[in-house]
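Single-letter residue listing:
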Amino acid sequence: MAYRPPPLTGLKVLEFAGLAPGMVLADSGASVLRIDRAVAGAKAVPTSDMLTRHKASIVVDLKSAGGVALVKKLGAQADVLIDPFRPGVLEKLGLGPQELCKLNPRLVYARMTGFRRDGKYADMAGHDINYLAVSGVLSMLGRAGDKPHPPINLLADFAGGGAMLVQGILLALLDRSVSGRGQVVEANMVDGVNYLATFPRQAIKTPLGSQPRGTNILDGGCPYYDTYATSDGKHVAVGCLEPQFFAAMLRGLGVDPGTWATRRLDPANWPELRRIFTDKFGSKTRAEWEKVFDGTDACVTPILTYPELEADKQREGDQRPAITLADTPMFALKRGANQSVGPAVGQGDGVQGDGYTGFPLSPGAGGEGVLEAWLGWAKGREYDEDSGGALVLKGRLNGKL
């Protein structure tokens, strides 16, 4: 079957360097041009950002009139602009939505902050852990009797921030297809993670989540929704909440069901049940338990590590696009000439590293091609580079629109 190009093919996205959702848009076919900072006196060094596949870069000195003029020219051609800075940064440069949306009424000006733009912490620096903290979500994460623990930087940076901004961008593009006009899209990680936490937040006022952290059904308090060590030092995950799944798990473990079908519902019996499960799972290796539970409805699975998955693609190890589109698949991640290209795995030749290894984008890489495609510009004619790799507009273009 011949698949049509990825769904966002032809979309022009201007992304200021920073933690932003441009990778999702680039994986979906958009032309994403990243604006990297100028490094005075020397060629720019590679960025530490590894979420740069399918992107191109230019280096711009935003402190110069020519740099600001260049961004305005690009903004006038772009469909989407992504601002990942703290409130007011681009506005002070004359690159805020008031200026750029006037130049380009179809522009979707997408802004993402950590804290709320109009909140108490708006002007403060922060990271994922801080946004989770003030949202209330971090207070729910962690074992009983222990301090709260953040889940790496998944929840705020990527789920509550980047993924939510992508959703906002797509909604604005959908509206533009009707209205013909772009708009400003606001996202912040505090509101984003709170939206994701709607269920556990509301569960606090129900028996499902009313107890202290780490003692409820879904947060590690319940022995049949927990993890257990195996005899080889590995682990399994157990999630047999429903009675039929719980019964299947007991059969696999060789535990006499007795009166556990009803007794399991009383938290007073959970310590005893956890001791039974801990001893049982600790009596065999993880591989032995896989042979017992694979193909059953016991809701018992191995806890696989990424090194294991990378080495054994027959499990769930081949990294794929997050979404399957039947007719316009996103770009593939897994490389290889013999790859079976299709909706589930994406289209194209994949990327270096197969989604397991990230490769930083060198500032300026691929930028010439994008400037040619977007503006019809050529290096040496409309622009050159200074000693730091920053673009310098030539002649009548320098400092002007």
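None of these values were measured; they are calculated from a predicted model. Numbers given for residues are sequential positions, taken from 1 along each chain in its written order. A pLDDT threshold of at least 70 governs which residues receive local features in this predicted model, and a stricter bar of 80 or more applies before side-chain atom pairs are shown or counted, although totals over entire chains, interfaces and linings include all residues. Side-chain numbers come from the whole structure's heavy atoms, not from hydrogens or water.

1. Focus on the pattern of salt bridges
- By definition here, a salt bridge exists when the distance from a side-chain nitrogen of Lys or Arg to a carboxyl oxygen of Asp or Glu is within 4 Å. One pass over the structure, following the stated rule, counts 21 salt bridges.
- Among the salt bridges present, the one from arginine 111 reaches glutamate 91, with a minimum N-O distance of 2.5 Å. With a gap of 20 residues between them, arginine 111 in strand S5 (residues 108-113) and glutamate 91 in helix H3 (residues 89-92) connect regions that are remote in the sequence.
- Each residue is assigned to one of three classes by its accessible area relative to the maximum for its type, calculated with a 1.4 Å probe on protein chains only: buried under 20%, partly exposed between the two thresholds, exposed over 50%. For arginine 111, a relative accessible area of 10% translates into the label buried.
- A residue is classified by how much of its surface remains accessible, and glutamate 91, at 30% relative accessible area, is partly exposed.
- The partner of aspartate 384 in a salt bridge is lysine 394, and the shortest N-O contact between them spans 3.6 Å. Per the convention used, a helix needs a DSSP run of H or I reaching at least four residues, while a strand needs a run of E reaching at least two, with both numbered from the N terminus.

2. What about the sheet that holds strand S6 (residues 184-188)?
- A pair of strands is considered paired only if DSSP assigns at least 2 bridges between the two. Spatial ordering of the open sheet is given by S3-S2-S1-S4-S5-S6, a layout of six strands whose pairing is parallel. Each having just a single partner strand, strand S3 (55-60) and S6 make up the two edges of the open sheet. Sheet twist, expressed as the average angle between the axes of neighbouring strands with direction ignored, equals 20 degrees.
- When strand S1 (residues 12-16) meets strand S2 (residues 31-37), the two strands line up parallel, connected through five bridges. Note on S2: the bridge partner recorded for valine 13 is valine 32. Working convention: axes come from line fits to C-alpha atoms, limited for helices to the stretch in contact. Angles between N-to-C directions cover 0 to 180 degrees.

3. Side note on unusual backbone geometry
- Of note in this structure, cysteine 299 is not a glycine but carries a positive phi near 60 degrees.
- Its place among the elements puts cysteine 299 in the loop between helix H12 (286-293) and strand S9 (300-302).
- Accessibility expressed as a relative area gives 30% for cysteine 299, which makes it partly exposed.
- For aspartate 354, which is not a glycine, the phi torsion comes out positive at approximately 55 degrees.

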